[in-house]
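# Understanding the architecture of this molecule
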Amino acid sequence: MIPELGHFALILALAVALVQASVPLVGAQLGIERWMRIARPAAWALMLCMAVAFGALSWAFVHDDFSVLYVANNSNTALPLVYKLSAVWGSHEGSLLLWATVLSLWTVAVSLFGRGLPLAMLSRVLSVMGMVSIGFLLFMLLTSNPFERVLPPPLEGRDLNPLLQDPGMAMHPPMLYMGYVGFSVAFAFAIAALIDGRLDAAWARWSRPWTTVAWMFLTLGITLGSWWAYNELGWGGWWFWDPVENASFMPWLVGTALVHSLAVTEKRGAFKAWTVLLAVFAFSLSLLGTFLVRSGVLTSVHAFATDPARGLFILAFLGVVVGGSLLLYAWRAPAVRSHVHFSPVSREAVLLLNNLLLVVTAASILLGTLYPLIVDALGVGKISVGAPYFNAVFVPLTLPLAFLVGVGAMLRWKQDRLERIWRHARWPAAVSLLAGLVLPLLFDHWTWQAALGIGLACWVGLTTLEGLRDRWAGRSRPLAALARTPRAFYGMSLAHFGIAVFVTGIALTTTYSLEKDVRLAPGESYVLGGYEFRMLGVHPVHGPNYEAQQGTLEVWRAGRRVAVLHPEKRVYRVQRNPMTEAAIDAGVLRDLFVALGEPLGSDGAWSVRLYYKPFIRWIWSGGLFMAVGGLLAATDRRYRQLVRRDARAMLEAVEATA
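Per chain, residues are indexed from 1 in the order of the written sequence. In keeping with the model being predicted, local features are shown solely for residues with a pLDDT of at least 70 and side-chain atom pairs are shown and tallied solely at 80 or more, while totals for entire chains, interfaces and linings include all residues. Only hydrogens and water are set aside when side-chain values are computed; all heavy atoms of the structure are taken into account.

A few words now on the overall build of the chain. If you tally the helices and strands in the chain, you get 21 helices and 10 strands. On the principal axes, the C-alpha backbone points of the chain span a range of 90 × 75 × 55 Å. Buried residues are those whose accessible area, probed at 1.4 Å on protein chains only, stays under 20% of the maximum for their type, while exposed residues exceed 50% and partly exposed ones sit between those limits. Counting across all 658 residues of the chain, residues that qualify as buried make up 56%. Contacts are assigned to residue pairs with any non-hydrogen atoms lying within 4.5 Å of each other. Of the contacts made within the chain by residues no fewer than 6 positions apart, 72% connect residues no fewer than 24 positions apart. In this description, accessible areas are obtained by the Shrake-Rupley approach with a 1.4 Å probe, and a residue is regarded as covered only by the protein chains that are shown. Here the chain has roughly 27,800 Å² of accessible surface; of this, 66% comes from carbon and sulfur atoms. Only DSSP runs of H or I reaching four residues or more are called helices, and only runs of E reaching two or more are called strands; each is numbered from the N terminus.

A word on the pattern of salt bridges. A side chain of one charge can pair with a side chain of the opposite charge if their charged atoms are brought near each other. Only one rule defines a salt bridge in this text: a Lys or Arg side-chain nitrogen within 4 Å of an Asp or Glu carboxyl oxygen. Applying the stated criterion to the full structure yields 20 salt bridges. Close ionic contact of Asp 65 with Arg 149 constitutes a salt bridge, the shortest N to O distance being 3.8 Å. With Asp 65 in the loop between helix 3 (39–62) and helix 4 (69–74) and Arg 149 in the loop between helix 7 (119–143) and helix 8 (167–196), the pair connects residues that are 84 residues apart, well separated along the chain. Classification of Asp 65 as buried rests on a relative accessible area of 15%. The exposure class of Arg 149 is partly exposed, given its relative accessible area of 30%. Linking Arg 570 and Glu 568 is a salt bridge whose minimum nitrogen-to-oxygen distance equals 2.7 Å.

Patch rule: a residue counts if its relative accessible area is over 30% and it has no salt bridge; like charges are joined within 9 Å, and nonpolar side chains (Val, Leu, Ile, Met, Phe, Trp, Tyr) within 5 Å. Among the surface-exposed residues, Val 395, Leu 399, Leu 433, Leu 434, Leu 437, Val 438, Leu 441, Trp 446, Trp 448 and Leu 452 lie close enough to one another that they form a single nonpolar patch of about 960 Å² accessible area. For the nonpolar patch, the secondary structure elements donating two or more residues are helix 15 (387–410), helix 16 (418–438) and helix 17 (448–472). Here the nonpolar patch gets 4 residues from one element, more than from any other, and that element is helix 16. Overall, Leu 399 belongs to the partly exposed group, its relative accessible area being 30%.

Take unusual backbone geometry next. Cis geometry marks the peptide bond from Leu 151 to Pro 152, where omega comes out at -5°. Topologically, Pro 152 is positioned in the loop between helix 7 and helix 8. For Asp 159, which is not a glycine, the phi torsion comes out positive at approximately 80°. Relative to the assigned elements, Asp 159 resides in the loop between helix 7 and helix 8. Given a relative accessible area of 0%, Asp 159 falls into the buried group. Phi is positive for Phe 615, close to 60°, though the residue is something other than glycine. As for its position among the elements, Phe 615 is in the loop between strand 10 (605–614) and helix 20 (617–634). Note on Phe 615: relative accessible area 13%, which makes it buried.

Moving on to the domain arrangement of the chain. Accessible area lost on assembly of the parts is the figure often given for the size of an interface. Domain start and stop points were drawn from an automatic or database domain assignment. What the domain assignment lists for the chain is domain 1 (1–165), domain 2 (197–315 + 334–416), domain 3 (422–512 + 619–658) and domain 4 (514–615). Of note, the centres of domain 1 and domain 3, computed from C-alpha atoms alone, are 38 Å apart.

Axis definition: a line fit to C-alpha positions, over the contact stretch in the case of helices; interaxial angles, taken between N-to-C directions, run 0 to 180 degrees. It is the contact of helix 3 with helix 7, at a shortest axis distance of 10 Å, that shows an interaxial angle of 25°. In this view, helix 3 runs roughly parallel relative to helix 7, as classed from their interaxial angle. The way helix 3 lies across helix 7 gives a crossing that is left-handed. Residues Ala 39, Arg 40, Leu 46 and Met 50 of helix 3 pack against Leu 122, Ser 123, Leu 126, Ser 133, Leu 137 and Met 140 of helix 7. In the scheme used here, Gly and all other residues not listed as nonpolar or charged are polar, with Ala, Val, Leu, Ile, Met, Phe, Trp, Tyr, Cys and Pro taken as nonpolar and Asp, Glu, Lys and Arg as charged. Residues of the contact of helix 3 with helix 7, tallied by class, amount to 7 nonpolar, 2 polar and 1 charged. Between 65 and 115 degrees an angle is taken as roughly perpendicular, under 35 as roughly parallel, over 145 as roughly antiparallel, and anywhere else as oblique. Each crossing gets its hand from how the near helix is turned against the far one by less than a right angle, where anticlockwise is left-handed and clockwise is right-handed.

Next up on the list: the side chain of Thr 223. Turning to its location among the elements, Thr 223 is positioned in helix 9 (residues 201–232). Contacts of Thr 223, omitting those with residues within four sequence positions, involve Trp 620 and Gly 623.

What follows is about the pairing of strand 7 (residues 578–581). The criterion for strand pairing is that DSSP finds at least two bridges linking the strands in question. Sheet analysis places strand 6 (residues 568–572) next to strand 7, joined by 4 bridges and oriented antiparallel. Counterpart to Val 571 in the pairing with strand 7 is Pro 578. Counting the residues in the hairpin turn of strand 6 and strand 7 gives 5 residues, including Arg 576, whose phi is positive at 60°.

We call a set of buried Ala, Val, Leu, Ile, Met, Phe, Trp, Tyr and Cys residues a nonpolar core when their side-chain atoms join them within 4.5 Å. The biggest cluster of nonpolar side chains holds 157 residues, and the ones touching the most others in it are Met 50, Trp 106, Leu 137, Phe 189 and Trp 203. The element best represented in this core is helix 8, accounting for 18 residues. Excluding residues within four positions of it along the chain, Leu 137 makes contact with Leu 10, Ala 13, Leu 14, Ala 17, Leu 46 and Met 50. Formed by 18 residues, the second largest nonpolar core is a distinct cluster that contains Val 518, Ala 583, Leu 596 and Trp 606.

What follows is about the pairing of strand 3 (residues 531–542). Bridge analysis of strand 2 (residues 525–528) against strand 3 gives 4 bridges, and the strand direction is antiparallel. If you follow Val 527 over to strand 3, its bridge partner there is Glu 532. Linkage of strand 2 to strand 3, two consecutive antiparallel strands, is achieved through a turn of 2 residues, within which Gly 529 is found at a positive phi near 60°.

This paragraph deals with the packing of aromatic side chains. Between the rings of Phe, Tyr and Trp (Trp by its six-membered ring), a pair exists once the centres lie within 6.5 Å; its type follows the angle of the planes, with under 30 degrees stacked, over 60 edge-to-face, and the other angles tilted. A complete count under the given rule lists 32 aromatic pairs for this structure. Residues Phe 136 and Phe 317 carry aromatic rings whose centres are separated by 5.5 Å and whose planes lie at 85° to one another, so their mutual orientation is edge-to-face. Linking Phe 136 in helix 7 with Phe 317 in helix 12 (residues 308–331), this pair joins segments that are 181 residues apart in sequence. Judged on exposure class, the residue Phe 136 and its partner Phe 317 are both buried.

Next up on the list: the packing of helix 6 (residues 92–113) against helix 7. One can describe the packing of helix 6 onto helix 7 by two numbers: an axis separation of 10 Å at closest approach and a directional angle of 170°. Comparing their axes, helix 7 and helix 6 come out roughly antiparallel. Between helix 6 and helix 7, the residues in contact are His 92, Leu 96, Leu 97, Trp 99, Ala 100, Leu 103, Trp 106, Thr 107, Val 110 and Ser 111 and Leu 122, Val 125, Leu 126, Met 129, Val 132, Ser 133, Phe 136, Phe 139 and Met 140, respectively. Considered class by class, the residues forming the contact of helix 6 with helix 7 number 15 nonpolar, 4 polar and no charged.

On to the environment of Asp 196, then. With respect to the helices, strands and loops of the structure, Asp 196 is situated in helix 8. Sequence-wise, Asp 196 and Leu 253 are 57 residues apart; in three dimensions their C-alpha atoms are separated by 28 Å. With residues up to four places along the chain from it excluded, the contact list for Asp 196 reads Arg 124 and Arg 332.

To continue, consider the sheet that holds strand 10. Here 4 strands make up an open sheet; going across it, the order is 1-10-9-8 and the pairing antiparallel. Each edge of the sheet is formed by a strand with only one pairing partner; in this case those strands are strand 1 (514–520) and strand 8 (583–585). Sheet twist, expressed as the mean angle between neighbouring strand axes with direction ignored, is 20°. Bridging between strand 9 (residues 590–600) and strand 10 involves 9 bridges; their strand directions are antiparallel. For Ala 595, the partnering residue across the bridge sits in strand 10 and is Arg 609. Set on the sheet, helix 19 (residues 487–512) makes contact with strand 1 and strand 10; between it and strand 10 the angle comes to about 140°.

What follows concerns helix 15. For helix 15, built from 24 residues, the straight-helix expectation of 34 Å at 1.5 Å per residue is met to within 8% by its first-to-last C-alpha distance of 35 Å. Consider a residue and the seven residues that end there alongside the seven that start there; fitting an axis to each set, the bend is the angle between those axes. At Val 395, helix 15 shows its strongest bend, of approximately 25°, with the proline Pro 396 following within four residues. Multiplying 1.5 Å by the helix residue count minus one yields the expected span of that helix.

Structural data, given as structure tokens:
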């Protein structure tokens, strides 16, 4: 009965989405206020329907209702409760339900916090989001019904993919989808502004906090995904240039460009064309990521579906979104054109270059991700594009980006002078150069890669501090000046500081990590990175839905025991997949990572993989700093005040022309 209720809720949600997508939009175009006012209750009704559907599927998992095919394929009576709940979005159909549910939450958030927006603008935005909801609800109902029944129901389920039975996967997809789907808000604001023909600073100001929040969630999602891969896959790496990782990274790059472009459009009225196109492409790349993951055209530890019909549906949906948006853009081209001038030495110029580099980087990753698929589709052979290509393309493009982060923080709008910039930049440049040359000497060998990474990280961090210092320098009451500084400025500074921490982690982890595959029997030891790993033995353990061999290793340094690690080799009872569960001793300055391989011989020896990973936690810490910076920027109270002011001004203008 409960699953049938969930299926009915999806059908009702589609009907509500059709009303939300059409009636308020027509009302906004014709000026019929009562039709426009339907947008808000429709958004709430849609969310209620999706909450019922999501709750029904969750109920089926918790109560082991194996008459639902999706539950039978992705759960088991022995599965721990937390993983039963995360299994709701652990495969294709449930992940689509999560996507549509998150979209309904974003829609309600816009209707709730957008009360200060002009009614016509809000109606158009919610209508566009309703159109997106229609696409995903049709996708579910026609090709990916999570409530499909199987009769007679099996007595036991096939269990959740063991790779997904990890706390990181309970948090990673919801965060990632909040970012993916959040870009639909920026997309909806851009399309609504194009329909209205008004692309001014007010539109950018309305869209900016929503875009920043979406970017924040996507940053958290990617960070959690990297952390999950490091902990769960047993490879000791934090980024593998996996196609699905690329699918989330590309909208993040374009979204980063969009955040900066919105700032220019709001402050100076420039980059309007950039901003509209970036909003369209950020959301389009999110849809492309869905196509890559759900269509079965690639193989990945993250990929779910292998049904070509699903891929064709999403590809057609993507074509409608991109094609329709570009046609609307072409129609409104005169309104999009900017007539704002700025000097080559200005913040606008640096942000323009920043956008170019980010978009080119995203395009290069897109080419490397899709090229093997295109070659295969044309039948001219198979080709693999891996880390060497991506590293060779990505690093040269992002090094100048790190430099521009520091320069842009010190530049003024419209026009600046090189003499003033040099006066502010000389001490960060000198200290960064010195740090890059000297600090690598503290490690066991000096490399130019570490010197470059440390130098750039110091440059970004010190120029960020210089920007803060410039806020109170020469003021009679510096503390009062800092208190009056907008929260968005602190958010920007914290995000840039996160880049410095992130770059430091990448440079030192990549350069100074050590790894070794060794054979260890009980009583034997191996020294790596100054740490002695002593094998005490391996013994069987029993988990709730798996059997495992658990190793015990002591880690010693300078005569002192620093850790006891328990790596496992698990075999899950249903799927019988052998899984490596690494043991990690985490620290601020280094991680010690141990993974069990296979038993070797009759003396109790095992193959063991040992890793010494310096500063790897700084990579994820940098991502967290960036996300918190985004949250600070998005919650700046100026946005709420200015939205109300813009709405009053627009209402007065309408009354004056009436």
